[in-house]
Amino acid sequence: MQNSNYNHKNIENEIYKYWEKNKFFKPKKSKKKHFSIVIPPPNVTGSLHMGHALNNSLQDLLIRYYRMNGYETLWQPGTDHAGIATQAVVEKNLLKEGIKKNHLGRDKFVEEIWKWKQESGDQILTQLKKLGCSCDWSRNRFTMDKDLSEAVIKTFVKDPLNIDSMTSRCLCLKLLLECKHFMNIVISKQSVSLVNDK
């Protein structure tokens, strides 16, 4: 039996707008302990699935619990570029229009990727809001944001001493860098490449 007076779309949207307008999700200064979660960033390759719904519901439960107990809480949202997967999705969409990636050139193709990110990333954030996630949306990040890309380049390319100290603690990164002579890695738009050492 459906209640004709209740329309979840109108009511839930109004409640969520009220929460955002009153900045209920922003950290409030507290002398008590702090609690934060960095959302495992979903890929911008499509929409959320049931695993995301479960994962984000549990994170939301934890954030709200600590927030309601007076902790200064932050739930940091963001999305991930999923480089190879995103490239494949964009290439497939272009092929539907009869366009090959190589005919576009690098700059135009990167523009197409950013268009896709905007479309898909917004869809993901809208879905998270529909779930009622109480993230601080003013802090939303994307893994290819300019300052994050610059931090990666500074850490992994411009400061080799930092890489040496990091690789001693990170076996995966160490293995990657030891195998760099087999790779040609392009980082962000600046095309900083690691090439064969001769």
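Since the model is a prediction, treat every value here as computed from it, not as a measurement.

S.K.: I keep staring at the overall build of the protein chain and nothing clicks. Help me out?
M.R.: Along the backbone of the protein chain there are eight helices and six strands. Mapped in sequence order, the helices and strands of the protein chain form the string α-β-α-β-β-α-α-α-β-α-α-α-β-β. For the protein chain, with 198 residues in total, the buried portion stands at 27%. Sequence separation of 24 or more characterises 68% of the internal contacts of the protein chain that already satisfy a separation of 6 or more. With the model as given, the accessible surface of the protein chain reaches about 13,900 Å², and the carbon-plus-sulfur share is 57%.

S.K.: I tried to follow unusual backbone geometry on my own but got confused; where do I start?
M.R.: For residues other than glycine, phi is negative in most cases, and the peptide bonds are mostly trans. Residue K23 is not a glycine yet carries a positive backbone phi of 55 degrees. Along the chain, the position of K23 falls in the loop between α1 (8–21) and β1 (34–38).

S.K.: Would you take a moment to explain the nonpolar core for this structure?
M.R.: In summary, soluble globular proteins display a tendency toward joint burial of nonpolar side chains. In terms of nonpolar packing, the biggest core is built from 13 residues, with I39, W75, L128, C133, C135 and W137 touching the most fellow members. Ranked by residues supplied to this core, first place goes to helix α5 (residues 106–130) with three residues. In this structure, I39 is in contact with N56, Q59, W75, Q76, P77, G78, L128 and C135, ignoring residues within four places of it in sequence. Counting residues in each nonpolar core, the second largest holds five residues, with V90, L94, F109 and I113 among its members.

S.K.: What is the right way to read the environment of N56 from this model?
M.R.: One can find N56 in helix α2 (residues 50–68). Among all residues touching N56, those that are not within four sequence positions of it are I39, W75, L128 and C133.

S.K.: How do you make sense of the pairing of β1 when you look at a structure like this?
M.R.: As a general feature of sheets, a regular strand has side chains that alternate between the two faces. With five bridges connecting them, β1 and strand β2 (residues 72–76) associate as parallel partners. Bridge assignment links F35 to a residue of β2, and that residue is T73.

S.K.: Even after reading the chapter, I still don't get the packing of aromatic side chains, so can you show me in this structure?
M.R.: In this description, an aromatic ring pair is defined by two values, namely the gap between the centres and the angle between the planes. The tally for this structure, following the rule as stated, stands at eight aromatic pairs. Measuring from centroid to centroid gives 4.0 Å for F35 and Y66, while their planes differ by 20 degrees, and the two rings are stacked. On the criterion of sequence distance, the pair formed by F35 in strand β1 and Y66 in helix α2 is long-range, its members being 31 residues apart. Residue Y66 is classed as partly exposed on the basis of its relative accessible area of 22%. Taken together, F35, Y65, Y66 and Y71 form an aromatic cluster joined through their ring pairs. Here R64 stacks its cationic end above the ring of W19, 4.9 Å away from the centre of that ring.

S.K.: Whenever I open this one, the state of the cysteines confuses me. Can you help?
M.R.: Note: disulfide means a covalent bond formed between the sulfur atoms of two cysteine side chains. Under the defined criterion, the tally for this structure stands at zero disulfides. Counting only cysteine sulfurs, C133 is the nearest neighbor of C135, a cysteine outside any disulfide, at a range of 5.4 Å.

S.K.: Hey, could you run me through the pattern of salt bridges in this one?
M.R.: A side chain with one charge may pair with a side chain of the opposite charge, provided their charged atoms come close. A full pass over the atoms with the stated rule returns nine salt bridges. Between K129 and E20 there is a salt bridge, with the nearest N and O atoms lying 3.4 Å from each other. Remark: E20 occurs in helix α1 and K129 occurs in helix α5; sequence separation between them is 109 residues. Two residues, D60 and R64, come together in a salt bridge whose shortest N-O distance is 2.7 Å. Here the residue D60 and the residue R64 both occupy positions in helix α2, the gap between them amounting to four residues, near one helical turn. Residue classification places R64 among the partly exposed residues on the basis of a relative accessible area of 23%. What you see here is one network of salt bridges that share partners, running through K26, D136 and R139.

Criteria and thresholds
Residues numbered from 1 in each chain as written. Predicted model: local features only at pLDDT ≥ 70, side-chain atom pairs only at ≥ 80, totals over all residues. Heavy atoms only, no water. Helix = DSSP H or I, 4+ residues; strand = E, 2+ residues; numbered from the N terminus. Buried < 20%, exposed > 50% of the residue type's maximum accessible area, 1.4 Å probe, protein only. Contact = heavy atoms within 4.5 Å. Areas by Shrake-Rupley, 256 points an atom, 1.4 Å probe, with all protein chains shown as cover. Core = buried A, V, L, I, M, F, W, Y, C linked by side-chain atoms within 4.5 Å. Pairing = 2+ DSSP bridges. Phe/Tyr/Trp six-rings, centres within 6.5 Å; stacked < 30°, edge-to-face > 60°. Lys NZ or Arg CZ within 6 Å of the ring centre and 35° of its normal. Disulfide = S-S within 2.5 Å. Salt bridge = Lys/Arg side-chain N within 4 Å of Asp/Glu carboxyl O.

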